[in-house]
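# Commentary on secondary and tertiary structure
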Amino acid sequence: MSEMFDIALSRALTPDELATALAEILPRNLRVDVAEDLSVLPDEPGAIWALVGRTDDPRWPCVLNCLVCREEAGLGPFPDLRVAEQ
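A brief look at the structure comes next. In this text the structure is predicted, and so the values were computed from the model without any measurement.

### Focus: the overall build of the chain
Per the secondary structure count, the chain includes 2 helices and 4 strands. Starting at the N terminus and ending at the C terminus, the chain contains elements arranged as β-α-β-β-β-α. At 12 Å, the chain has a C-alpha radius of gyration in line with the 12 Å of a compact globule built from 86 residues. Within the chain, the fraction of its 86 residues that count as buried is 40%. Excluding contacts between residues fewer than 6 apart, the proportion of contacts in the chain whose partners are at least 24 apart in sequence is 48%. A total accessible area of about 5500 Å² is found for the chain, and carbon and sulfur atoms account for 51% of it. Looking at the chain, you have 7 positive and 16 negative side-chain charges, and the mean spots of the two groups are 5 Å apart.

### Looking at the pattern of salt bridges
One pass over the structure, following the stated rule, counts 5 salt bridges. Between Arg 31 and Asp 33 there is a salt bridge; the shortest N-O distance is 2.9 Å. Among the residues examined, Arg 31 registers a relative accessible area of 41% and is labelled partly exposed.

### Looking at the pairing of strand 3 (residues 48-54)
The buried fraction of strand 3 amounts to 5 of the 7 residues, a majority that puts the element mostly inside the structure. As defined by bridge partners, strand 2 (residues 32-35) adjoins strand 3 across 4 bridges and the pair is classed as parallel. Opposite Ala 35, over in strand 3, you have Leu 51 as the bridge partner. Bridge analysis of strand 3 against strand 4 (residues 62-70) gives 7 bridges, and the strand direction is antiparallel. What sits directly across from Ile 48, in strand 4, is Cys 69.

### Details of the environment of Leu 67
Following the sequence through the fold, Leu 67 ends up in strand 4. Leu 67 gets classed as buried once you look at its relative accessible area, which sits at 18%. Residues Leu 67 and Asp 16 lie 51 residues apart in sequence; the distance between their C-alpha atoms is 17 Å. Setting aside residues no more than four positions away along its own chain, Leu 67 makes contact with Glu 3, Met 4, Leu 38, Leu 41, Trp 49, Ala 50 and Leu 51.

Cut-offs applied
Residues numbered from 1 in each chain as written. Predicted model: local features only at pLDDT ≥ 70, side-chain atom pairs only at ≥ 80, totals over all residues. Heavy atoms only, no water. Helix = DSSP H or I, 4+ residues; strand = E, 2+ residues; numbered from the N terminus. Rg over C-alpha atoms; globule rule 2.2 N^0.38 Å. Buried < 20%, exposed > 50% of the residue type's maximum accessible area, 1.4 Å probe, protein only. Contact = heavy atoms within 4.5 Å. Areas by Shrake-Rupley, 256 points an atom, 1.4 Å probe, with all protein chains shown as cover. Lys, Arg positive; Asp, Glu negative; His and termini not counted. Charge placed at Lys NZ, Arg CZ, Asp CG, Glu CD. Salt bridge = Lys/Arg side-chain N within 4 Å of Asp/Glu carboxyl O. Pairing = 2+ DSSP bridges.

Functional significance is not addressed by these values, which are geometric in nature.
Now the structure itself:
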C-alpha cells in the first residue's frame, strides 16, 4: 500500500535537496526519487517517488507532490505530517 500527498514549502528547494531531506527520515538503503519532471523519474518507484514544482505564491514558493510513499518508508499513518515536520 502507498500514500499520495502534496505539501507546500516555505522556501524553494531543488529535487536533490528534497531527496536528501527525505532520505534522512527513512530507514537506510531505501530509494528516494525526486525530480521536476515525471519523465525523469525511474519506471519503478522507490520508497518515495515525488515531483517538486514552483508556485506563484512568494510565501510558499515550492510544492512537493508525493506520488508514491510506500509503507516500507516507515512514516506511519500520516506520512504527509512526518514529511512536513522534516
